[in-house]
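Fold and contact review
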Amino acid sequence: MIRLMLGTFVLMMSCVAASANAFHFNPTQPTSARNMLTFGTTSMPVGYYNYCRNYAERCARAPEGPSVQLTKPRWREIVAVNAEVNQAVAPLTDMEIFGVEERWEYPTTVGDCEDYALMKRKRLNEMGYPLGALLLTVARDASGGGHAVLTVVTDLGDFILDNVEQKVLPWQETEIYYLKRQSQDDLNLWVSLVDETAPLAFSGGKSAPSTAAAREKR
């Protein structure tokens, strides 16, 4: 298994490697990459587009920086925010909450996966983390369902804040097929996390979902 080397405080971070890793889901990402590579601009998720229409002032904010230095205090903050939001919000679909297929909102007591990601981004940004290091990310989960998580970009790699997996994990240690995320330079541009030009083998029980099935969460 690929493990992210985090120096002497890896134990303190309590980030135990998962029994499976993301590389069989993301074959176009190099196994040596601490931070995921991006492959050019791509379409904006419809849910995020409508979110920005409703909350233009939130989407007008500048990135302020593309990464953070991952210190021990920051790691504790990231872990705490992830746990607090996951505990405070109960998972429900947008159809159950709003009666519509897709709606991105800050959650109060209930929320869909993208709502968790929005709230975690808000909390960390209020603590001084630049938005360019807090990237909304659209993906497919291990069963092929649409999913959204928050990626925190650091000098020690990309870390994933998920409402399903309770631990904060390096991206390599997740069972997630990453599709796209916000650009670190322009939060209203989205970049692909899949190299569509690479020869891929997406068939089989442990491989990534097919390209046709890998449509973004809407």
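Structure shown above.
Presented here is an overview of the structure given in this document. (Residues numbered from 1 in each chain as written. Predicted model: local features only at pLDDT ≥ 70, side-chain atom pairs only at ≥ 80, totals over all residues. Heavy atoms only, no water.)

**Here's the deal with helix H5 (residues 113-126)**
- Compared with the 20 Å implied by 1.5 Å per residue over 14 residues, the 20 Å span of H5 between its first and last C-alpha is a close match.
- Among the residues of H5, those classed as buried are Cys113, Glu114, Asp115, Tyr116, Ala117, Leu118, Met119, Lys120, Arg121, Leu124 and Asn125.
- Looking one or two residues past H5, Gly128 carries a phi angle of roughly 105 degrees, positive in sign. (Helix = DSSP H or I, 4+ residues; strand = E, 2+ residues; numbered from the N terminus. Expected span 1.5 Å × (residues − 1). Buried < 20%, exposed > 50% of the residue type's maximum accessible area, 1.4 Å probe, protein only.)

**Topic: the pairing of strand S8 (residues 177-182)**
- Among the 6 residues that make up S8, 6 are buried, leaving the element largely enclosed by the rest of the structure.
- As paired strands, strand S4 (residues 134-140) and S8 are joined by 4 bridges and run antiparallel to one another. Each residue of the ladder has a partner; that of Thr137, found in S8, is Arg181.
- In this sheet, strand S9 (residues 190-192) lies alongside S8 in antiparallel orientation, the contact comprising 3 bridges. Bridge assignment links Gln182 to a residue of S9, and that residue is Trp190. (Pairing = 2+ DSSP bridges.)

**With respect to the sheet that holds strand S6 (residues 157-161)**
- A sheet is described by the order of its strands in space; here 7 strands give the open sequence S1-S9-S8-S4-S5-S6-S7, paired in antiparallel fashion. The open sheet has two edge strands with one neighbour each: strand S1 (41-42) and strand S7 (169-170).
- For S1 and S9, the ladder comprises 2 bridges, and the chain directions are antiparallel. Among the inter-strand pairings, Thr41 is bridged to a residue of S9, identified as Val191.

**Remarks on the environment of Asp162**
- In this fold, Asp162 is placed in the loop between S6 and S7.
- For Asp162, a relative accessible area of 7% translates into the label buried.
- Each C-alpha atom, one on Asp162 and one on His147, is 9.4 Å from the other, the two residues being 15 residues apart in sequence.
- Sequence-distant contacts of Asp162, defined by excluding residues within four places in its chain, comprise Asn82, Asn86, Lys120, His147, Val149 and Ile176.
- A polar side-chain atom of Asp162 sits 2.7 Å from a polar atom in the side chain of His147. (Contact = heavy atoms within 4.5 Å. Polar contact = N/O pair within 3.5 Å; in protein donor to acceptor, adjacent residues only side chain to side chain.)

**Quick word on the state of the cysteines**
- Within this structure, the stated rule accounts for 1 disulfide.
- Each disulfide pairs two cysteine sulfurs, and for Cys52 the partner residue is Cys59, the sulfurs being separated by 2.0 Å. Across the disulfide from Cys52 to Cys59, rotation about the S-S bond amounts to roughly -80 degrees, and the bridge is consequently left-handed.
- Given the relative accessible area of 14%, Cys52 is considered buried. (Disulfide = S-S within 2.5 Å.)

**A few points about the side chain of Asn86**
- Along the chain, the position of Asn86 falls in helix H3 (residues 72-88).
- A distance of 2.9 Å separates polar atoms of two side chains, one belonging to Asn86 and the other to Lys120.
- Polar contacts involving the side chain of Asn86 include one to the main-chain carbonyl oxygen of Asp162, which spans 3.0 Å.
- Non-local contacts of Asn86, meaning those with residues more than four positions away in its chain, are made with Tyr116, Lys120, Asp162, Asn163, Glu165 and Gln166.

**Description of H3**
- If you check H3, its first and last C-alpha atoms are 24 Å apart, about what 17 residues at 1.5 Å a residue would give, namely 24 Å.
- Restricting attention to buried positions, one finds in H3 the residues Trp75, Ile78, Val81, Asn82, Val85 and Asn86. Projected onto a plane normal to the axis of H3, the buried residues spread over an arc of 130 degrees and lie on a single side.
- Looking at the buried positions of H3, the neighbouring elements they touch are H5, strand S5 (146-154) and S6. (Arc of directions from axis to C-beta.)

**Looking at the side chain of Thr28**
- Along the chain, the position of Thr28 falls in the segment before S1.
- A polar side-chain atom of Thr28 sits 3.2 Å from the main-chain amide nitrogen of Asp195.

Everything listed is a geometric property; what it means functionally is a separate question.
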